[in-house]
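A closer look at the structure
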Amino acid sequence: MYKKLYVIVAVLMLATMLLSACAPAAEEKTDCSKAETFCVGLVTDVGKIDDKSFNQSTWEGVKQAESELGAVVQYIETTDSKDYDKNIATFADEKYDVIVTVGFALGEATIAAAKAYPDIKFIGVDQSQSEVIPNLAGLVFPEDKAGFLVGALAAQMSETGKIGAVCGTDAVPAVWRFGEGYRAGAAYIDPAVEVNVVYHSDVGFDKTFTDPEWGKTTAISMIDKGVDVVFGAGGKTGNGALAGAAEKGVFAIGVDSDQYFTVPEAQKVLLSSAMKMLTPGTLELIKMAKEGSFPGGDYLGLAGYAPYHDVESQVPADVKAKMEEIDKALADGSLETGVAPVKPGG
Amino acid sequence: MEIRRYTFIALIIIVLIGVVVVVGKSEVSPGVIIVSMIATTIAVATPLTLGALTGVFCERAGVVNIGIEGMMLASAFFGWFGAIYMNTILKMGAFPSLIIGVIIAVITGGLLGLLHAVLSVTFKVDQIIGGTVINLLAVGISGFLNRQLFFEKGSIFGGQVPHAPGVLPRLHIPLLGDIPVVGTVFEQQPITIAAILLVIITHYVLFYTRWGLRTRAVGEHPRAADTVGINVYRMRYLNVIIGGLIAGLAGAYFTLESVPSFEPLMTNGRGFIALAAMIFGNWSPFGSWAAALVFGAASALQINLQFFRELIPPQWAFFQSSAVVGMVPYILTMLIMTGIIGKTRAPAADGIPYEK
Amino acid sequence: MDKSEPQVKEEKPNAFIRIVKQVGNALLVPLLAVITAMIVGGLVIAGAKGDPFAAYAGLFEGAFGTLRALSETTVWATPYIFAGLAVALAFKGGLFNIGAEGQLALGAVASAWVGYRLPELLGTTIPGAIHLPLTVGAGMLAGAIWGAIPGWLKAKTGAHEVINTIMMNYIALNLVSYLLNGPMKDPDPLNVIARTPLISEGAQIPVIFSKYRFHWGFILALVVAFLVWWLLWKTTLGFEIRTAGSNPDAGKYAGINVSRTIVLTMTLSGMLAGLAGAIEVTALNYRHELGFSQGYGFDAIAIALLGKSHPFGAVVGAILFGAMRNGATRMQFLTQIPVDVISVIQALILLFVAADAIVRFIYRIRAPREQVVLTRGWGK
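Residues numbered from 1 in each chain as written. Chains lettered and ligands numbered in written order. Predicted model: local features only at pLDDT ≥ 70, side-chain atom pairs only at ≥ 80, totals over all residues.

1. Things to note about the overall build of chain A
Per the secondary structure count, chain A includes 11 helices and 12 strands. For chain A, with 346 residues in total, the buried portion stands at 61%. In chain A, the share of contacts with a sequence separation of at least 24, taken over all contacts with a separation of at least 6, comes to 68%. (Helix = DSSP H or I, 4+ residues; strand = E, 2+ residues; numbered from the N terminus. Buried ≥ 20, exposed ≤ 12 C-beta atoms within 10 Å, placed from the backbone. Contact = placed C-beta atoms within 7 Å.)

2. A closer look at the interface of chain B and chain A
Counting residues at the interface gives 31 residues for chain B, matched by 27 residues for chain A. Elements with a contribution of two residues or more to the side of chain B that touches chain A: helix 2 (30–60), helix 9 (232–258), helix 11 (285–307) and helix 12 (322–341) of chain B. Ranked by residue count, the leading element in the side of chain B that touches chain A is helix 2 of chain B, at seven residues. Broken down by class, the residue content of the side of chain B that touches chain A amounts to 17 nonpolar, 12 polar and two charged. (Nonpolar A, V, L, I, M, F, W, Y, C, P; charged D, E, K, R; others polar.)

3. Considerations on the sheet that holds strand 1 (residues 39–43) of chain A
Either a parallel or an antiparallel arrangement is found when strands of a sheet pair, and the pairing is made through backbone hydrogen bonds. Residue and element names in this part refer to chain A. With parallel pairing, the six strands of this open sheet are ordered in space as 2-1-3-4-5-11. On the outer flanks of this sheet lie strand 2 (72–76) and strand 11 (297–300), each paired with one strand and no other. Looking at each pair of strands side by side, their axes are set apart by 20° on average, direction ignored. Here helix 4 (residues 107–116) sits on the sheet in contact with strand 3 (98–102), strand 4 (121–125) and strand 5 (136–140), set at roughly 170° to strand 4. (Pairing = 2+ DSSP bridges. Axes fitted to C-alpha atoms, helices over the stretch in contact; angles between N-to-C directions.)

4. Focus: the packing of helix 3 (residues 68–89) of chain B against helix 9 of chain B
Residue and element names in this part refer to chain B. The N-to-C vectors of helix 3 and helix 9 enclose an angle of 55°; their axes lie 7 Å apart at closest approach. For the element pair helix 3 / helix 9, the angle class is oblique. The element helix 3 and its partner helix 9 pack so that their crossing is right-handed. Residues Ile68, Met71, Met72, Leu73, Ala74, Ser75, Ala76, Gly79, Trp80 and Ala83 of helix 3 touch helix 9, and the partners they reach there are Gly244, Ala247, Gly248, Ala250, Gly251, Ala252, Phe254, Thr255 and Leu256. A per-class count over the contact of helix 3 with helix 9 returns 13 nonpolar, six polar and no charged. (Parallel < 35°, antiparallel > 145°, perpendicular 65-115°, else oblique. Left-handed = near helix turned anticlockwise from the far one by under 90°.)

5. Overview of helix 9 (residues 235–248) of chain A
Residue and element names in this part refer to chain A. Compared with an ideal rise of 1.5 Å per residue, which puts 14 residues at 20 Å, helix 9 spans 20 Å between its outermost C-alpha atoms and is within 8% of the ideal. Across the 14 residues that make up helix 9, a large majority, 13, are buried. Directly beyond the C-terminal end of helix 9, a positive phi value near 70° is found at Gly249. (Expected span 1.5 Å × (residues − 1).)

6. With respect to the sheet that holds strand 12 (residues 303–305) of chain A
Residues and elements named next belong to chain A. The strand order across the open sheet formed by six strands is 7-6-8-9-10-12, and the pairing between neighbours is mixed. A single partner strand is all that each edge strand has here, and the edge strands are strand 7 (194–199) and strand 12. This sheet shows a mean twist of 15° between the axes of neighbouring strands, independent of strand direction. Sheet topology note: the strand 8 (residues 229–233)/strand 9 (residues 251–256) ladder contains three bridges and is parallel. Paired with Phe231 across the two strands is Ile253, which belongs to strand 9.

7. Regarding the domain arrangement of chain A
Residue and element names in this part refer to chain A. The domain boundaries assigned to chain A delineate domain 1 (39–141 + 282–286) and domain 2 (143–275 + 306–332). A separation of 29 Å is found between the C-alpha centroids of domain 1 and domain 2. At the junction of the two partners, domain 1 supplies 10 residues and domain 2 supplies 12 residues. (Domains from an automatic or database assignment.)

8. Regarding the environment of Asp211 of chain A
Residue and element names in this part refer to chain A. Here Asp211 shows up in the loop between helix 7 (205–208) and helix 8 (212–224). Accessibility expressed as a C-beta count within 10 Å gives 26 for Asp211, which makes it buried. For the pair formed by Asp211 and Ala92, sequence separation is 119 residues and the distance between their alpha carbons is 34 Å.

9. Some words on the nonpolar core
Grouped together as the largest cluster of nonpolar side chains are 371 residues, with contacts concentrated most on Val230 and Ala245 of chain A together with Phe82 and Leu350 of chain C. Leu350 of chain C has contacts with Ile129, Thr132, Val133 and Leu136 of chain B together with Ala302, Leu305 and Leu306 of chain C, leaving out every residue within four places of it along the chain. (Core = buried A, V, L, I, M, F, W, Y, C linked by C-beta atoms within 7 Å.)

10. As for the domain arrangement of chain C
Residue and element names in this part refer to chain C. If you check the domain split of chain C, you get domain 1 (1–50 + 339–372) and domain 2 (56–336). Here the C-alpha centre of domain 2 lies 25 Å away from the C-alpha centre of domain 1. Taken together, the contact pairs 14 residues of domain 1 with 14 residues of domain 2. Listed by contribution, the elements that provide at least two residues to the side of domain 1 that touches domain 2 are helix 2 (15–47) and helix 14 (341–354).

11. Some remarks on the pairing of strand 10 (residues 270–276) of chain A
All names here are of chain A. Summarising burial for strand 10: seven of the seven residues are buried, a large majority. Inspection of the sheet shows strand 9 paired to strand 10 by five bridges, in the parallel sense. Counted as the bridge partner of Asp256 is Met275 from strand 10. Relative to strand 12, strand 10 is paired through three bridges, and the arrangement is antiparallel. Looking across to strand 12, one finds that Met275 is bridged to Gly304.

Below, the structure is given as structure tokens:
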């Protein structure tokens, strides 16, 4: 019977551990329901907060709100899509003032939450809004324009007449727009330029942006066949492609942010990056939320191409001039990319 | 029998390359396609080959190892971390940092091998559990430390990911490397070359040395081995640790030879494919290598068919979807496995703890 | 465990006390193992400059602290129970089903297809009494087929089920990705996500509470766990499965058709995994979406092992894993400690539960007389 004693001891141990554990945690929490505390929470999609891609760039915007506006900031990483509602509700129930949700996959959950919590401002990154909800702003970007710009640049810089793109899955509309914009931009310069866009759709959602080895292998395979400009568009998978281009000594083009600063090993070949300004866009919207000028509906962020940095001297003046011309034409609407916002089904 | 199998595997690889040549020849010359396909095949096969060799060492000694995936992942992380630490904090320079990184990766693999040996040989824990523990542990530790050490609070590098020291350089092999066009195939990075050498060494050790004889003896019939004075526990311990060291090298391939970055879950199931390659190769080094190459060639086919997507004839339009082409390597493996290889035979005492 | 066993053995006198004792003894070591794992895990957290007490408080609060937390724990545990049972059943039959992941995903897709497409094809709504069983059945069937193929290949050609279940995982993954991005994609022009349309109302298992996500699937999972136990220990087929698993040669002499048993075991195993997917679709999400089901199949291996391949053990393991995965969100919210630490603790729990020699050594507990064989490695 002495074994029973062990059970009791064990249960007691567990209980004391839990009790001692519960005590200190309670007091440190900031109370977001107070009017003077401005709390901003971020919910990621199934990616990670340190993905060096859209989750991280958005989080950096939130972090800037911490330093510039004195906001209390916190994030929750989603591990399964069925938890989107639960994770948003975790912030909402703590009376956060602004909740940022990252990625198109959270679109519906964000809309539902915005309706359920009308006092909280929601920012949906990469979430296009079909109806205007006053407390929900969809931060969207014309990725096709950024892709178009770098596609045009690639087509002008290529000597072999072959350019390539290594992308994450085309099931993500932003990736699709980057890839197809790239194709359209190259065709705009010269329809004869051969554009190879490869999507990494053969693995799960959680892997498609985090497979640098595949990205590199694919890029090298392209370069072996004569491609001399590689656009890497898809988180770490794309970064692998940039590394492959650097190894083979051909031009590389980054994505999302100016990757001159995030992929140091590709600096000497990095021609430009197709940028979407996630960080400033997020900060801008948080500021508006604080000042009370929060816009409902879609909020268009900026997209563009990054400076040439180290390869500045290799880009001819006429190419630079042409790029500025295209940039202007895209901005004022006189030139359109012709890319559908979402991959047509079928 | 063996000859027939290898001929068949070689034929499959040739057919896979042939398909791409046929599809893409109007755009790129066949020579270029073949060289590129071979390069991709070898690159994809390297971690698989090493992982399969890990399995060969463990299982020939009678210890099932499904923890290859975790061993590779943990080694990839610690090797990468070590290299960055040496490069950024200790300022050792890129190449020495990389070498130390590889050493740390290999040691990490060895330590996990030791853990697996302690569990399965000393404590006689079900060997599937030992492997599962290692897989879970590796995912947790690498993900947790990657975040904790590199991101925000607690970061030892001030929140920014510091500059990685790059990747191991390609080696130029005299004579072979000087052949025009094909020569580039022989210009490989050190771990890739090591993988091929290790296949040959493992084959020699297993089948032509006393060590190998003893290893196989404890894997096939530990009781008999014990009777003739072979220390079963010691042989199992050492072989599992050797396997771990090789898995560590496979891990180093990911972060120090392929790409200079670490990603949570970056081994992406390749440890399990390596396991399949080992079974497929009938627990032999050359068989495993052949299986890894078939898988590599099938992956090369997948990448290249996407590249030549526009050239695929319309009646084959189904194959323009990257997800459909993505299935090809796996379906092929299954077909070959069942159609040609059929029944494979594990070492008789594989997976059974030895009781003195 | 303590729920069902008394019912079965009640005909014997003073059986109840014996069972309480048995259960107590059976739970003692695992409980100590969990505590040991938490302590070691706490050291890992502290070593990386985290506060283990705050972390565990958050974890516990998030898993059991409120009614909603409890409900969410069951939501997480449900697919784990089904998938854990799938792997455990295969283990009992001496087979290693690494393919639960693919079987689950395919089961979900098949369920979703019958759920939304069948009424469209027939041009009419189908009454729930017919449609719901069809929908769930389709998921089970898809999983069963996906499990049966490696089983059949093993029986016919001797091709190893480990290879084939791994390969079929990847094939399923690609197939699902193709279907959800192509033919089965929700045609709503506003939809940008790779997912199916909502299944029609008749195919949905009604919600129990409007406020909580606790659903019938959890209860069904417990019932199925009981059924699996009944199948394994109270039927001839179960006896054949266990014999083929523990000693196939003896099985042959006893007149068991081992090939047939292998195929049946894998079919049943796949069916259970497919049911996990079907329930996620019919009781929780009402559609299938890419990005759902990440690593359920692999966690299921750990759960089955944690439960020592026993159906009731798998239930306990699944609830433990579900609670930890669910509580992790709260833990991260309160402490910003990365959720990956959960995997470390889970690995440690499995380690200490499995290597009970270590726990017995630490706490000076005598070893039991008999040892249970869990898996047989690759063997034959």
